[in-house]
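Commentary on secondary and tertiary structure
Listed below, chain by chain, are the residues.
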Amino acid sequence: MMDQLVATVNGAPIDIRALSAAMQSLAQEHFHATLDEVPQASHAELRSMALERLIARELIFQAALAEGIVADETAVEEESARILRMMGNPADFWKRLADRGMDEISFLRMVRKDVTVDLMTARKLEDVGEPGEDEIRQFFSAYPDKLREHERVRASHILI
């Protein structure tokens, strides 16, 4: 069964599983919760942000490949090991990935892509100087709504 396609970037597919994973990651980042725990009203915004992030990632990856930048085996192995350490029990981690339709080869491909994107980003950032105070003030004045933290509410209950 073919995964539902949500976008293509220069012929590279982005499927619903990748979008769901990105939405889950954003739910953790922005709400410190799973996607199921995030209010339904926020799902459309999370979907839009996740898709934008996936498209940007794919564009950076394609640019890296065009410049001959690809993560080597050592970097991929180090990042994979770091992720496995963070996730705790490796057996549980692989089971969770399998439940989401990802095998070890797909996981390593994803890690290689992420490390390659990080390498490309670091390379491009070397060319960018630190902004001066005037540039920062101008940017903040031009985009005040983008730089303001939106209100969030997080309720917790203590049961005794």
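Refer to the preceding data block for the structure.
The residue count restarts for each chain, going from 1 along the sequence in the order it is written. Restriction of local features to residues with pLDDT of at least 70 applies here, the model being predicted, together with a cutoff of 80 or more for giving and counting side-chain atom pairs; totals for whole chains, interfaces and linings are based on all residues. To get the side-chain values, all heavy atoms of the structure are used, and hydrogens and water are removed first.

To continue, consider the overall build of the chain. Strands here mean DSSP runs of E at least two residues long; helices mean DSSP runs of H or I at least four residues long; both are numbered from the N terminus. Regarding its fold elements, the chain presents seven helices and two strands. Going from N to C terminus, the chain has its helices and strands arranged as β-β-α-α-α-α-α-α-α. Summary of the burial criterion: residues with accessible area below 20% of their type's maximum are buried, those above 50% are exposed, and those between are partly exposed, where the area comes from a 1.4 Å probe applied to protein chains only. Taken over 160 residues, the chain has a buried fraction of 23%. Whether two residues are in contact is decided by their heavy atoms: any pair within 4.5 Å suffices. Nonlocal contacts in the chain, meaning residues at least 24 apart in sequence, comprise 61% of its contacts between residues at least 6 apart. Entry remark: accessible area of the chain is about 12,200 Å², with carbon and sulfur atoms responsible for 56%. Using a 1.4 Å probe, accessible areas were evaluated by the Shrake-Rupley method; residue-level cover was limited to the displayed protein chains.

Attention now goes to unusual backbone geometry. Despite not being glycine, N10 shows a phi value in the positive range, around 50 degrees. Within the secondary structure, N10 is located in the loop between β1 (5-9) and β2 (12-15). For N10, a relative accessible area of 66% puts it in the exposed group.

Another aspect to go through is the pairing of β2. Any two strands between which DSSP finds at least two bridges are classified as paired. Of the strand pairs in this sheet, β1 and β2 are connected by four bridges, and their pairing is antiparallel. Bridging across to β2, A7 finds its partner in I14. With antiparallel pairing between neighbouring strands as the criterion, β1 and β2 make up a hairpin whose turn holds two residues, including N10 at a positive phi of roughly 50 degrees.

Another aspect to go through is the environment of M110. Here M110 is to be found in helix α5 (residues 104-126). According to the relative accessible area criterion, M110 is partly exposed, its value standing at 30%. Setting aside residues up to four positions removed in sequence, M110 forms contacts with R57 and M102.

On to the side chain of Q62. Looking at where Q62 falls in the secondary structure, it is placed in helix α2 (residues 43-66). Polar contacts, as used here, are pairs of N or O atoms within 3.5 Å; protein pairs need one atom able to donate a hydrogen and one able to accept it. Residues neighboring in sequence count only if both atoms are side-chain atoms. There is a polar contact of 2.8 Å between the side chain of Q62 and the backbone oxygen of V9. Setting aside its immediate chain neighbours within four residues, Q62 contacts V9, N10 and A12.

Taking 1.5 Å as the rise per residue, helix α1 (residues 16-31) with 16 residues should run 22 Å; its terminal C-alpha atoms sit 21 Å apart, in good agreement. Within α1, the full set of buried residues consists of L19, A22, M23, L26 and A27. Buried residues of α1, viewed axially, fall in a sector of 150 degrees; they line one side. As for α1, its buried residues are in contact with β1, β2 and α2. Between a side-chain oxygen at the N-terminus of α1 and the backbone nitrogen of R17 the separation is 3.1 Å; the capping residue is D15. Positive phi appears at H32, one or two residues downstream of α1, with a value of about 50 degrees. Given the number of residues in a helix, its expected span is that number minus one, multiplied by 1.5 Å. For this quantity, the arc is that covered by the directions from the helix axis to the C-beta atoms.

This paragraph deals with the pattern of salt bridges. Salt bridge criterion: a side-chain nitrogen from Lys or Arg within 4 Å of a carboxyl oxygen from Asp or Glu. The full count for this structure, using the stated rule, is eight salt bridges. When the shortest N-O distance is used, the salt bridge between E73 and R112 registers 2.2 Å. One end of the pair, E73, is in helix α3 (residues 73-87); the other, R112, is in helix α5, and 39 residues separate them in sequence. Judged by relative accessible area, R112 falls into the partly exposed class, the value being 24%. Residues participating in the shared-partner salt-bridge network are E67, R123 and K124.

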